[in-house]
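Spelled out from the first residue to the last, the chains are:
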Amino acid sequence: MRPDRLLYVMDPMCSWCWGFAPVVQALAEQAAAAGVPLQLVVGGLRRERAAMEPSVRVRILSHWQAVNASTGQLFNFQDALPEGFVYDTEPACRALVTARQLDEQSVWPLLQLIQQAFYTEGRDVTHAKVLVELAERAGIPRIEFVAAFDSQAMQAATEVDFNWVQDLGIAGFPTLLAERRGQLALLTNGYQPLQTLAPLLGRWLEQAAHA
């Protein structure tokens, strides 16, 4: 029987997931205190191949403004989404899947580094060289990460995550699921503040303790 766990379904290049970062960190600590781990599942927000149109850039930056206003998370609007940027989130998602495979504990620092690089530093985290640098900063040996990141196995593992999310019908991120005895309960689909989610998680953890 699979042990209880939380599943955080997200995309590192999803602005609401960036807004949710402090909330999910606090929830992870709450769950860990009860012996319940948090595991990451990547959703594949965008699979673009063409450069972003100016009108799309304006629309996305308006979303970022809304996230900033709602959550207080910082954004670098000046350097964001430069001309020619291709908004493909698969490489950043694959970097997290690679980290999960090589050293599961490194997933969380790498996620934080990718989000900070993209949203506060204006860096292009669709590029492998940027992701390799960030993975090394997260504690993953460069040679190990490069070999795994470029492999067909990691591409396939990333697609498994994407397909699992799609099969569940999850269309929005962040999504937080609680799993007990193979049964999934939805804690949130979309951003919610900590004061809303902490009591929900607390009740679920209490039920788990008495199950």
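Up top is the structure these notes are about.
To start, this report covers the structure provided alongside it. Please read these numbers as outputs of a predicted model, since none were measured by experiment. (Residues numbered from 1 in each chain as written. Predicted model: local features only at pLDDT ≥ 70, side-chain atom pairs only at ≥ 80, totals over all residues. Heavy atoms only, no water.)

Attention now moves to the layout of surface pockets. Quantified by volume, the largest pocket comes out at close to 520 Å³. In terms of residue count, helix α1 (residues 15-33) provides more of the lining of the largest pocket than any other element does, 9 residues in total. Each residue belonging to the lining of the largest pocket can be placed in one class, and the counts come to 14 nonpolar, 7 polar and 2 charged. Roughly 180 Å³ of internal volume is contained in the second largest pocket. Forming the walls of the second largest pocket are Met13, Cys14, Ser15, Trp16, Leu45, Arg46, Ile60, His63, Trp64, Tyr87 and Phe173. The set of elements that each furnish at least two residues to the lining of the second largest pocket consists of α1 and α2 (54-71). A per-element tally of the lining of the second largest pocket places α2 first, with 3 residues. (1 Å grid on protein atoms, 1.4 Å probe; cavity = no way out; pocket = protein on both sides within 12 Å on 5 of 7 lines; lining within 4 Å. Points joined across faces, edges and corners; volume = space filled by probe spheres on them. Helix = DSSP H or I, 4+ residues; strand = E, 2+ residues; numbered from the N terminus. Nonpolar A, V, L, I, M, F, W, Y, C, P; charged D, E, K, R; others polar.)

Quick look at a nonpolar patch on the surface now. Together, Trp164, Leu168 and Leu184 make up an exposed nonpolar region whose accessible area comes to about 240 Å². Looking at the secondary structure, you find leucine 184 in strand β4 (residues 183-189). (Patch = residues over 30% accessible without salt bridge, like charges linked within 9 Å, V, L, I, M, F, W, Y side chains within 5 Å. Areas by Shrake-Rupley, 256 points an atom, 1.4 Å probe, with all protein chains shown as cover. Salt bridge = Lys/Arg side-chain N within 4 Å of Asp/Glu carboxyl O.)

This part covers the sheet that holds strand β3 (residues 175-180). As summarised here, the arrangement of the 4 strands in space is β2-β1-β3-β4, forming an open sheet in which the pairing is mixed. At either margin of the open sheet sits one strand with a lone partner, and together these are β2 (38-42) and β4. The mean inter-strand angle of the sheet, taken between neighbouring strand axes irrespective of direction, is 25°. Here strand β1 (residues 5-10) runs beside β3; their pairing, made up of 5 bridges, is antiparallel. When the sheet's bridge partners are listed, leucine 7 is paired in β3 with leucine 177. (Pairing = 2+ DSSP bridges. Axes fitted to C-alpha atoms, helices over the stretch in contact; angles between N-to-C directions.)

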